[in-house]
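Residue-level structural notes
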Amino acid sequence: MTRPFRQKHLLGIEALEPSDIQQILDTGEAFFEVSRRPVRKVPTLRGKTILNVFYEASTRTRTSFELAGKRLSADVVNISSSGSSVTKGETLLDTVKNLQAMRPDVVVLRHQASGAPHFVAARTGISVINAGDGAHEHPTQALLDAFTIRRSKGHIRGLVVAICGDVMHSRVARSNALLLGMLGATVRFAAPRTLTPRGVEVFGTEVYDRLEPALEGADVVMMLRVQTERLGGAMFPTNREYSRIFGLSPRTLRYAKPDAIVMHPGPMNRGVEIDPAVADGTRSVILDQVEAGVAVRMAILYLLAGEAGAHPVAAA
Ligand code: CP
């Protein structure tokens, strides 16, 4: 008998207990195995409906949620703001209330406003999964990152994880700092001063304004995308200058442990925050992160929408 999940929504790491995280990661292992079978489908969510509602662009998150739902045999519908009545001025709440009238079981929401998934969860009866809200949180990314680290290193407790780059605008950095800290890792943020958020101390991380000392002795190096679309010109030098000071290259990677792994949530700015030789090198687990994304999102959908007590991968 599978233990029931304590949560109705997945809005952020902040709301989770370490036991919830362990349950998601452990359940993800079963679905990782399913995703490597010749037939990558189980009947677990047959008859359930999942709506992927994306107000911002996405490749990895949206595709992996769609694949996750389909591999669980759910009906999956994708809605993007550009092709919907949002372009005619319909509000988020009206949009979601209309979608609710079609009786979905789960809404996966990406939105440019911090707190949008919480707003929807508080005003509808649907289970809501946060697929990234503004610069606030990206909890499923942090969960798939933890899953990837655990598979690569065998554990998380005691590891030193350096999260480097545009911390200011990164929901991935926030969710990872909360999650990895909760599971016993030492988390370091490294960012130029202009890209370090005020009040960063609340995350309990070590904070560096240079890359090399942050990488010293790190087990995991997680590079962040420079979010050029959110930058004021005053905050940023040229790409070339940034790459020289804060880019992960074969030279700067030497500061980390010899067996350190390299991560990036994507999309990458090759040649800016990460040198292609590192992104495509033997220590990169960037595509492992993408593979893990499907399994972990299958686990989350199953835990939120599956029938109580149902086995995750039981045959039809
Ligand atoms: N990591 C991530 O969220 O990628 P997408 O924006 O492509 O979904």
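In this report, we go over the structure that sits alongside the text. No experiment lies behind these values; they were computed from the predicted model shown. As a convention, each chain's residues are numbered from 1 in the sequence order in which they are written. Per-residue local features of the predicted model are confined to residues with pLDDT of at least 70, and side-chain atom pairs are confined, for both listing and counting, to 80 or more; whole-chain, interface and lining totals are unaffected and use all residues. Calculated side-chain values reflect all of the structure's heavy atoms, with hydrogen atoms and water omitted.

1. A look at the overall build of the protein
- Secondary structure counts use DSSP, requiring at least four H or I residues in a row for a helix and at least two E residues in a row for a strand, with both numbered from the N terminus. A tally of helices and strands in the protein yields eleven helices and nine strands.
- Just to be clear, the radius of gyration here is over C-alpha atoms, and the globule rule we use is 2.2 Å times residues to the power 0.38. Taking 2.2 N^0.38 as the reference for a compact globule, 316 residues should give roughly 20 Å; the C-alpha atoms of the protein span a radius of gyration of 19 Å, in line with that estimate.
- Dimensions of the protein, computed from C-alpha atoms along their principal axes, come out at roughly 50 × 45 × 35 Å.
- Relative accessibility decides the category of a residue: with a 1.4 Å probe and only protein chains considered, values under 20% of the type maximum give buried, values over 50% give exposed, and everything between is partly exposed. Looking at the protein as a whole, 54% of its 316 residues qualify as buried.
- Whether two residues touch is decided by their heavy atoms; if any such pair falls within 4.5 Å, the residues are in contact. Taking the contacts inside the protein whose residues are at least 6 apart along the sequence as the reference set, 75% of them involve residues at least 24 apart.
- As displayed, the protein has an accessible area near 13,600 Å², and 52% of this comes from carbon and sulfur atoms.
- The positive count covers Lys and Arg only, the negative count covers Asp and Glu only, and His and the chain ends enter neither. A single reference atom marks each charge: NZ on Lys, CZ on Arg, CG on Asp, CD on Glu. When the 38 positive and 31 negative side-chain charges of the protein are each reduced to one mean point, those points stand 3 Å apart. Here, Shrake-Rupley sampling with a 1.4 Å probe gives the accessible areas, and only protein chains in the shown set may cover a residue.

2. Comments concerning the layout of surface pockets
- Roughly 410 Å³ of internal volume is contained in the largest pocket.
- The distinction between a cavity and a pocket rests on a 1 Å grid over the protein atoms alone: a 1.4 Å probe fits inside a cavity but cannot get out, while a pocket stays open yet meets protein on both sides within 12 Å along at least five of seven lines, and a residue with an atom within 4 Å of a point counts as lining. For the largest pocket, the lining is made up of 22 residues, of which Arg-110, Arg-171, Arg-225, Gly-266 and Pro-267 are closest to its centre.
- Elements with a contribution of two residues or more to the lining of the largest pocket: helix H2 (60-71) and helix H6 (171-182).
- Residues are grouped as follows: nonpolar covers Ala, Val, Leu, Ile, Met, Phe, Trp, Tyr, Cys and Pro; charged covers Asp, Glu, Lys and Arg; every other residue, Gly included, is treated as polar. Class assignment of the residues belonging to the lining of the largest pocket gives a composition of five nonpolar, ten polar and seven charged. Grid points are joined across faces, edges and corners, and a volume is the space filled by probe spheres set on the points.

3. Let's talk about the packing of aromatic side chains
- Each pair of aromatic rings taken from Phe, Tyr and Trp, with Trp reduced to its six-membered ring, is defined by centres within 6.5 Å and is described as stacked if the planes are under 30 degrees apart, edge-to-face if over 60, and tilted in the remaining cases. Across all of its chains, the model carries four aromatic pairs by this definition.
- Each ring, one from Phe-189 and one from Phe-203, has its centre 6.0 Å from the other, and the planes form 65°; the classification is edge-to-face. One end of the pair, Phe-189, is in strand E6 (residues 186-190); the other, Phe-203, is in the loop between E6 and strand E7 (206-208), with 14 residues separating them in the sequence.
- Comment: the charge-over-ring label is applied if NZ (Lys) or CZ (Arg) is within 6 Å of the ring centre and within 35 degrees of the ring normal. The ring of Phe-32 carries Arg-151 above its face, with NZ or CZ at 3.9 Å from the centroid.

4. Remarks on the pattern of salt bridges
- The term salt bridge refers to a side-chain nitrogen of Lys or Arg lying within 4 Å of a carboxyl oxygen of Asp or Glu. Under the defined criterion, the tally for this structure stands at 17 salt bridges.
- For Glu-66, the salt bridge is made with Lys-70, and the minimal N-O distance between the two is 2.7 Å. Highlighted residues: Glu-66 and Lys-70, both in helix H2, separated by four residues, approximately one helical turn.
- Classification of Glu-66 as partly exposed rests on a relative accessible area of 23%.
- The partly exposed category is assigned to Lys-70, whose relative accessible area is 37%.
- With a closest N to O distance of 3.1 Å, Arg-188 and Glu-206 form a salt bridge. With Arg-188 in strand E6 and Glu-206 in strand E7, this residue pair connects regions lying 18 residues apart in the sequence.
- Among the residues examined, Arg-188 registers a relative accessible area of 11% and is labelled buried.

5. A short note on the side chain of Glu-137
- Note on placement: Glu-137 falls in the loop between strand E4 (127-133) and helix H5 (139-153).
- Arg-174 provides the closest opposite charge to the buried, salt-bridge-free Glu-137, at an N-O distance of 8.5 Å.
- In protein, a polar contact means a hydrogen-donor-capable atom and an acceptor-capable atom, both N or O and within 3.5 Å, with residues adjacent in sequence counting only if both atoms are side-chain atoms; elsewhere, any N or O pair within 3.5 Å suffices. Within the structure, Glu-137 has its side chain in polar contact with the backbone nitrogen of Glu-14 (distance 3.5 Å).

6. Notes on the environment of Thr-44
- Relative to the helices and strands, Thr-44 resides in the loop between helix H1 (18-34) and strand E1 (49-54).
- Sequence separation of Thr-44 and Leu-301 is 257 residues, and the distance between their C-alpha atoms is 9.9 Å.
- Leave out the neighbours within four places in its chain, and Thr-44 touches Leu-72, Tyr-302, His-311, Pro-312 and Val-313.
- Polar contacts involving the side chain of Thr-44 include one to the main-chain carbonyl oxygen of Pro-312, which spans 2.4 Å.

7. Thoughts on the nonpolar core
- In terms of nonpolar packing, the biggest core is built from 89 residues, with Phe-31, Ile-129, Leu-143, Leu-179, Leu-180 and Leu-301 touching the most fellow members.
- With 13 residues, the top contributor of residues to this core is helix H11 (residues 286-305).
- The contact partners of Leu-301, leaving out residues within four places of it in the chain, are Leu-45, Ile-50, Phe-65, Ala-68, Gly-69, Leu-72, Val-106, Ile-129 and Gly-306.
- What makes a nonpolar core is a set of buried Ala, Val, Leu, Ile, Met, Phe, Trp, Tyr and Cys residues whose side-chain atoms join them at distances within 4.5 Å. In terms of nonpolar packing, the next biggest core, distinct from the first, is built from 15 residues, Val-53, Leu-99, Val-107 and Ile-126 among them.

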